[in-house]
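Chain and residue survey
Take a look at the letters that make up each chain.
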Amino acid sequence: MKKRPLAALAALLFAPAALSADVRTETAAFVRAHCADCHTGEFAEAGLDFDTLTADLADLAVFAQWERVFDRIESGEMPPAEMPRPAAHELRATLKPLRRSLHDAHAAVRETALRRLNRREYQNTLNDTFGTNLDFAGLLPEDGRSHEFDTVGDALSVSATHLDRYIEAAGLVWDAAVVSTIAPPNPDPIVVSYADTREAERFLGDVWRKLPDGAVVRYNTGGYPSGMLRGTDPKVPGPHRVTVRGYAFQTEGEPLTFSVNGTSFARGSDKPFYGYFTMPAGQPGDAFEISFEADLGDRYMIQIEPIGLNLPNARQRPPIDEYQGPGLAILDVTEERLPEPWPSRGHELIFAGIDRRERMPSNPGQREKSWYRPQFEYVFPNEQAATDAARDSLARVAAEVFRRPVEPAEVGPYVALYKAERESGTEFEPALKVAFTALLCSPRFLFLDEPVDRQGRIDQHALASRLAYFLTRTAPDEELRRLAESGRLADPAVLRTQIDRLLDDRRNDRFLQDFAAAWLDLREIDFTAPDETLFPEFDPYLRWSMPLETLAFLDKLFTQDRPVRDLVAPDYAMVNARLAELYGLPGVEGPEIREVDLPDSGPARVRGGLLTQAAVLKVTANGTNTSPVVRGVWVLERLLGTPPSPPPPGIPGVEPDTRGTSTLRELLAAHRSSGDCQSCHNKIDPPGFALEEFNPIGGLRERYRSLGEGEKVNVRVNGRGVRYRLGPPVDASGVTADGRSFRGFADFQRLLAEDDDRLARTLAEKLLTFGIGRELGFSDRPELDRIVERSARSGHRVRELLHLCVQSEIFRGK
């Protein structure tokens, strides 16, 4: 295999210090005594042949093999248990020099690659810097990933497409930030009632009912006609306060949950979702107000849908005005445009100190017309004054987007670009826009520049950026930049205060969302859709609730500094009514996520932790089946930090039997009979077997559901009989790789929670990888050991663990 250029260079530069020892020579005696029988020659097992394995640790593939050898020997996994065990002195004599060689080889080439801002960071930075609210997810190419993370520099390449889109994005930012009116928008509120729409003319008296107070009642969830409220498209798109007035009608005093989303007639438009809400029970004359804030798009109308209602067809019920079933009565909906800073932050940043005036039209009466759009001009005593103003503007913008102070020489090329535009006859504003666009395409903005000092630590401005993008997913704010400029940010006490400040910042929600999306794979929650026949109870309300549980759970861990064992075995759950229904937790009402104490016994006792949260159980399954292999690998990678080796080439995967005649456990038993497969499946399968107690949407099960053979069931969901059948019983028992047996998930959960050192180490690895933008390697292990040791002294508390990560040499170094 060819060496990468960096690895080859490192081999030359560091050969005397890092690669002087020959790992083949150091391990030769041990290999002959304990490994050669199985791992040499044409039939070497697990793809490891010591006859052909070189000592060139600068070769990444060779390094990975030797690292694997080290880990297997140190853990006691190799030699296998049935073979004679090496003596303690043999282990020491082999592992000590091998550890040193691996450490030095990795340290020689270890550094964070020049890291590009990913799409989320890019979007957050521009919107926060310029006061805009733009969505670049569909504009920029998808980011590469290293394992689960899209913050790792090695995976974040730049293409010609990126550059084209960055130019386009800069123009969008300019157009959104620079004011184009002479006064802030201030439209009158919109108040709309279903009773006044054209839909009322068609459906009142048929499927809609009008009450004496003017409220219109809808008795059905979804279907036709929908809850689209014509006339609620905003006069001026942007942030609004939306107020829904109404009451739950004929619900026997119980509140009613409803959803609100946006809808448009525009072809290909999406349906932005605004949330689920609870309407109190009432009767004509009552008026309960439910208010929320939402960003309403151009030509988007409000759509309201009650949850859990089924209106029988006309032949099975009395006339709608006599129908006694529950319904949602809506009086009206009000939309009020929320005030925004005007001019925007970006406008002030660009044009501070510049005399920008409206150019009066030849007919002043045009200014009163609705179609009028003002034009602007700039007043300078001479061209040099205009150039000086442009230079000052570009310097201000550069300091913001480069995330550190800038020297005049750094701004010079952009000023030269502005001047070239002016000399070609371009007016002041479009010339300045060209230079502004160039600034936003600069590597100093698009990449995180992280110079290091003689001790190998990144400088303080780089530390401010790394900390800000880690915990708020955006550029450092004024306080961080001020501390970096003064040289005080690296002080441990100051740094600790800043970590706490950013954890409590409203923008920290971005950290939770992005970290969970990557670490737990929540970004793939819609990758598959549950089969409607097998899982008819899956609905949009449940789908909406799933990630909210996980985000609320992680927020509690960091905010309240909970012990790391809570990741798998807390005594509480973060649920709403829909999740509580799925989990069998009584007494929970409404769509709001809240903390609920778990019972001391019973099936719901195992809920709360990551492994039993519906979001995680969904992303680790497809829409039809669960796989012990997929879920087992997820546990090893995400919670235990011990990812298995890739499967040997030519070995097919194991596909579930949807007919219900065989369980995947039975199919895996045959698969594991291969020697090349058994060693990995001894680790993978046990956690996967334990999780077989849960179906693809997070429900507890005792038997598999089937589309073919099996026992018929008499169950109704949403008023309809189910069509699935019950197949074989679930067997969630197993034996862990270290020989501990469990009867089901509850036992396995207890075993996981006991190893809080392992949970803390894995969480630290994930936090650091996400935060510094590189995969951790062999030479990082000693510092990780120190982090875990210090964490144990505080009881492995999650917030404290994050502090230890940020204060570590790994976070502070390259």
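The rules behind these values
- Residues numbered from 1 in each chain as written.
- Predicted model: local features only at pLDDT ≥ 70, side-chain atom pairs only at ≥ 80, totals over all residues.
- Heavy atoms only, no water.
- Helix = DSSP H or I, 4+ residues; strand = E, 2+ residues; numbered from the N terminus.
- Rg over C-alpha atoms; globule rule 2.2 N^0.38 Å.
- Contact = heavy atoms within 4.5 Å.
- Areas by Shrake-Rupley, 256 points an atom, 1.4 Å probe, with all protein chains shown as cover.
- Lys, Arg positive; Asp, Glu negative; His and termini not counted.
- Charge placed at Lys NZ, Arg CZ, Asp CG, Glu CD.
- Core = buried A, V, L, I, M, F, W, Y, C linked by side-chain atoms within 4.5 Å.
- Buried < 20%, exposed > 50% of the residue type's maximum accessible area, 1.4 Å probe, protein only.
- Pairing = 2+ DSSP bridges.
- Axes fitted to C-alpha atoms, helices over the stretch in contact; angles between N-to-C directions.
- Polar contact = N/O pair within 3.5 Å; in protein donor to acceptor, adjacent residues only side chain to side chain.

Within the chain, the secondary structure is distributed over 28 helices and 24 strands. In summary, the chain has a C-alpha radius of gyration of 31 Å against a globular reference of 28 Å for 814 residues, a match within 12%. A principal-axis box enclosing the C-alpha atoms of the chain has dimensions of 95 × 85 × 45 Å. Within the chain, residue pairs in contact and separated by at least 24 positions form 71% of the contacts whose partners lie at least 6 positions apart. Accessible surface, the chain: about 38200 Å² in total, of which carbon and sulfur atoms supply 50%. Separation between the mean location of the 100 positive side-chain charges and that of the 123 negative ones in the chain comes to 1 Å.

This part covers the nonpolar core. Buried together is how nonpolar side chains tend to be arranged in soluble globular proteins. Counting residues in hydrophobic clusters, the biggest one holds 101 residues, and the most contacted among them are F511, W519 and L802. At eight residues, helix 25 (residues 756-772) tops the list of elements feeding residues into this core. Among residues more than four places away in sequence, those in contact with W519 are E148, F149, L554, L567, L610, R638, L639, L763 and K766. Counting residues in hydrophobic clusters, the runner-up holds 47 residues, among them L139, F351, L446 and A475.

Reading across the sheet, the three strands line up as 18-22-19 and stay open at both edges, with antiparallel pairing between neighbours. With one partner strand each, in any of the chains shown, strand 18 (703-706) and strand 19 (711-712) form the two edges of the open sheet. Bridge analysis of strand 19 against strand 22 (residues 725-729) gives two bridges, and the strand direction is antiparallel. Residue pairing for strand 22: E711 is matched across the bridge by L726.

Glancing now at the sheet that holds strand 5 (residues 228-229). Spatially, the four strands line up as an open sheet ordered 5-11-7-8, and their pairing is antiparallel. Of all the strands in the sheet, just strand 5 and strand 8 (273-279) have a single pairing partner and so form its edges. Two elements, strand 7 (residues 256-263) and strand 8, share six bridges in a ladder whose sense is antiparallel. Residue pairing across strands places V260 opposite G275, the latter belonging to strand 8. Of the strands in this sheet, strand 7 and strand 8 touch helix 18 (residues 540-559), which is tilted by about 105° from strand 8.

What follows is about unusual backbone geometry. Here Y224 and P225 are connected by a cis peptide whose omega angle stands at 0°. On the secondary structure map, P225 appears in the loop between strand 4 (216-218) and strand 5. Here the residue pair W342 and P343 is connected by a cis peptide bond, since its omega of -5° sits within 30 degrees of zero. Relative to the assigned elements, P343 resides in the loop between strand 12 (327-337) and helix 9 (345-351). The phi dihedral of E252 falls on the positive side, at around 55°, and the residue is not glycine. Looking at E252, the relative accessible area reads 81%, which means it is exposed. Unlike most non-glycine residues, R299 shows phi in positive territory, near 70°. Exposure remark for R299: the relative accessible area of 55% places this residue in the exposed category.

Inspection of the secondary structure puts D747 in helix 24 (residues 745-754). A relative accessible area of 14% places D747 in the buried class. Within polar-contact distance, the side chain of D747 engages the backbone nitrogen of R743 at 3.0 Å.

Extensive coverage of helix 27 (residues 798-807) is indicated by the burial of nine of its 10 residues. Turning to helix 27, its buried residues number three or more, namely V798, R799, E800, L801, L802, H803, L804, C805 and V806.

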